[in-house]
Each structure stands twice: as structure tokens, then as C-alpha cells.
Amino acid sequence: MIQTTRATTLAATICFAALGAIPAAANAPTADAKAVIATYEAIAHAMFQDAHAGTVALKSAVDTLVKAPSADSLQAARSAWIAARPAYQQTEALRFGNAIVDDWEGRVNAWPLDEGLIDYVDAGYGNEAEHNPLYTANLIANRRIRVGATMVDAATIDRTLIASLHEAQEVEANVSIGYHAVEFLLWGQDLNGTGPGAGNRPHTDFDTANCTNGNCDRRAAYLVAASDLLVDDLAEMVSHWAPGGIARTQLEGKGTGARWRPS
């Protein structure tokens, strides 16, 4: 597998230049367009493979945490989340010029999020916000929530339920899935500012035998479902960039006319 390093990011930039994103110097040699596109596709595929591998490792750590909650298993899951981020972040360069990536990105990396949609928050968070009727819906604590005129059955927390609430009522802050939803579930609400700048969720928030803050079974179910979705979403993008995948087909259809598209 091609490793996602600064070198691969640079290679992607060079490919964009050859595709016409950056005007070539007057005396620069002409690159073979097909070869440049093939290299770009291989780099993109490898980047998403690495990002997917990070989410698989994260999911494994989450499963361990849920099965055996402890300070160590919670820290291991947090470390896996941190380790998974760099490979994903390098793929963000691929949003430019690739609508299939840019349109998908919100499913995995939307930010910021109103944490009260998902779980308990500090009293200082408030009870309502003009911009968001679901500001404190607290899906984990409530088995039924109102979304507009509809009462949603939330008795079972699974991938279908949490995906259906992502950006509910066209509010971008209603982030119910993706890296940052998992982050909030692992760390809890950040009440520390920049010192050290992370939440203090205890591992007992996932311990059904010694539960803190209530609904530990539902919180664990949410974390597992969100992690499963993250793995699946990255696997989808890996398949799109695999040989014969739709991302390659679209890029090859553009030929040398590809251009940057603002995100």
C-alpha cells in the first residue's frame, strides 16, 4: 500500500497541477495525462485505505471499551481515535476537484456539533437555542424525541436511527455521526477550554454494572453504532477509488479538463 505521508500529499498537488488546476510554466515539459491521472488515483485509493484502516482499529478499541469498561480501555479508544485522524485529514485535499468526496465529507467530518443532541451536557450549556430545536434533545436519555412535527421512536439506538438525525431539520450543528460524534462520546463535553482542552468523561459512563450519568447501555450502543458507520463510510470511499470505482470513472471522464472546485 502507498503510505499517506507528506510526500503523497505533495504528489497529489503535483497531479492537480498537471490536470490543469495550476497553470504550467511556459517551458515545462508536458506530462502524460493518463499517467498523471493513474498516479493520482492510486494515491487517493491508498489514502482512503489508510484512513479506513484507522477507523477499523478505532472500532476494535471501542468494542473492547464497551465489553470491558475501564480507565485503560477508555484511554485506548481515545488513543485510537487520535491515531486515526492524520490519515483521514490528508484525504481532505481530495475534496478539491472531486464532488464525490466533497459531498460525502459531511457524513464523516461535520463540525461543530451541538452535543446536547446526543448526550448529557453541563447546566451552563443551556436548555435551548434559537438556531436549533434539537439543541438538548439528548437522544441517549430519551426513547422518543420530536423532530419537527414528527415523534421519532428512539427506543433502539442503531446506525439507521443516528444517521437519520444527522443535520436534522437542516441544522448543520445537528451532527449525530462521524469522527466528531465519536470524539464527543469518548471525551464528553469539553469544559476545560485550552487547559488541557478535552472533556473528562469517566469510563463508568459505559459501565452498565456501575453506571454514571445514566443510560450507560444506550451510550455504549450509540458509540458502537457511530463507530460502525464510520468504518462503513470510509470503506465506501475506498471502493469508489478502487480500480473501476465511480471516483476514478468520473475523474477519467474529465480528462485534462479537471479543475479545482471550492469546498
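Shown above is the structure to which this text applies.
Now for a look at the structure at hand. (Residues numbered from 1 in each chain as written. Predicted model: local features only at pLDDT ≥ 70, side-chain atom pairs only at ≥ 80, totals over all residues. Heavy atoms only, no water.)

**As for the overall build of the protein**
- In terms of helices and strands, the protein carries eight helices and two strands.
- The helix and strand sequence of the protein, counted from the amino end, reads α-α-α-α-β-β-α-α-α-α.
- A buried classification covers 47% of the 263 residues belonging to the protein.
- Of the contacts formed within the protein by residues at least 6 apart in sequence, a portion of 65% connects residues at least 24 apart.
- Roughly 12,600 Å² of accessible area belongs to the protein as shown, and the carbon and sulfur atoms make up 53% of that amount. (Helix = DSSP H or I, 4+ residues; strand = E, 2+ residues; numbered from the N terminus. Buried < 20%, exposed > 50% of the residue type's maximum accessible area, 1.4 Å probe, protein only. Contact = heavy atoms within 4.5 Å. Areas by Shrake-Rupley, 256 points an atom, 1.4 Å probe, with all protein chains shown as cover.)

**With respect to the packing of helix α4 (residues 99-109) against helix α7 (residues 216-241)**
- Packing of α4 against α7 brings their axes to within 10 Å, and their N-to-C directions diverge by 170 degrees. For the element pair α4 / α7, the angle class is roughly antiparallel. Contact with α4, carried on its side by Ile-100, Val-101, Trp-104, Arg-107 and Val-108, involves Leu-230, Asp-233, Leu-234, Glu-236, Met-237, His-240 and Trp-241 of α7 and no other residues of that element.
- For the contact of α4 with α7, the per-class residue count stands at eight nonpolar, one polar and three charged. (Axes fitted to C-alpha atoms, helices over the stretch in contact; angles between N-to-C directions. Parallel < 35°, antiparallel > 145°, perpendicular 65-115°, else oblique. Nonpolar A, V, L, I, M, F, W, Y, C, P; charged D, E, K, R; others polar.)

**Section: the pairing of strand β1 (residues 144-147)**
- Here β1 shows one buried face, formed by Ile-145 and Val-147, and one open face, formed by Arg-144 and Arg-146.
- Hairpin connection of β1 to strand β2 (residues 150-153): two residues between the antiparallel strands, including Gly-148 at a positive phi of 65 degrees. (Pairing = 2+ DSSP bridges.)

**Here's the deal with the nonpolar core**
- Core analysis: the largest hydrophobic core is formed by 63 residues, its most contacted members being Phe-48, Ile-118, Ile-162, Leu-186, Tyr-222 and Trp-241.
- For this core, the secondary structure elements donating two or more residues are α2 (33-67), α3 (71-91), α4, β1, α5 (159-164), α6 (179-187), α7 and α8 (246-254).
- Sequence-distant contacts of Trp-241, defined by excluding residues within four places in its chain, comprise Tyr-40, Glu-41, Ala-44, His-45, Phe-48, Asn-98, Val-101, Ala-247, Arg-248 and Leu-251. (Core = buried A, V, L, I, M, F, W, Y, C linked by side-chain atoms within 4.5 Å.)

**A short note on unusual backbone geometry**
- Geometrically, the link from Trp-111 to Pro-112 is a cis peptide bond, its omega value of 0 degrees lying close to zero.
- Looking at the secondary structure, you find Pro-112 in the loop between α4 and β1.
- The phi torsion at Glu-167 lies on the positive side, around 55 degrees, for a residue other than glycine.
- Within the element layout of this structure, Glu-167 appears in the loop between α5 and α6.
- Overall, the relative accessible area of 33% leaves Glu-167 in the partly exposed class.
- Its identity is not glycine, yet Asn-213 carries a phi of approximately 65 degrees, on the positive side.
- Inspection of the secondary structure puts Asn-213 in the loop between α6 and α7.

**A closer look at the pairing of β2**
- Strand direction decides the pairing type here: β1 and β2, joined by four bridges, are antiparallel. Bridging from a neighbouring strand, Ile-145 pairs with Val-152 of β2.

**As for the side chain of Glu-41**
- Tracing the backbone shows Glu-41 in helix α2.
- Beyond its immediate sequence surroundings of up to four residues, Glu-41 is in contact with Trp-241, Arg-248, Leu-251 and Glu-252.

**A look at the packing of α2 against α3**
- Closest axis-to-axis distance for the α2/α3 pair is 8 Å, and the angle between their directions is 165 degrees. Taken together, the axes of α2 and α3 lie roughly antiparallel to each other. Taken as a pair, α2 and α3 cross one another with a handedness that is left-handed. Contact residues: α2 offers Met-47, Phe-48, Asp-50, Ala-51, Gly-54, Thr-55, Ala-57, Leu-58, Ala-61, Val-62, Thr-64 and Leu-65, while α3 offers Ser-73, Leu-74, Ala-76, Ala-77, Ala-80, Trp-81, Ala-84, Ala-87, Tyr-88, Gln-90 and Thr-91. (Left-handed = near helix turned anticlockwise from the far one by under 90°.)

By themselves, these are just geometric observations and shouldn't be taken as functional.
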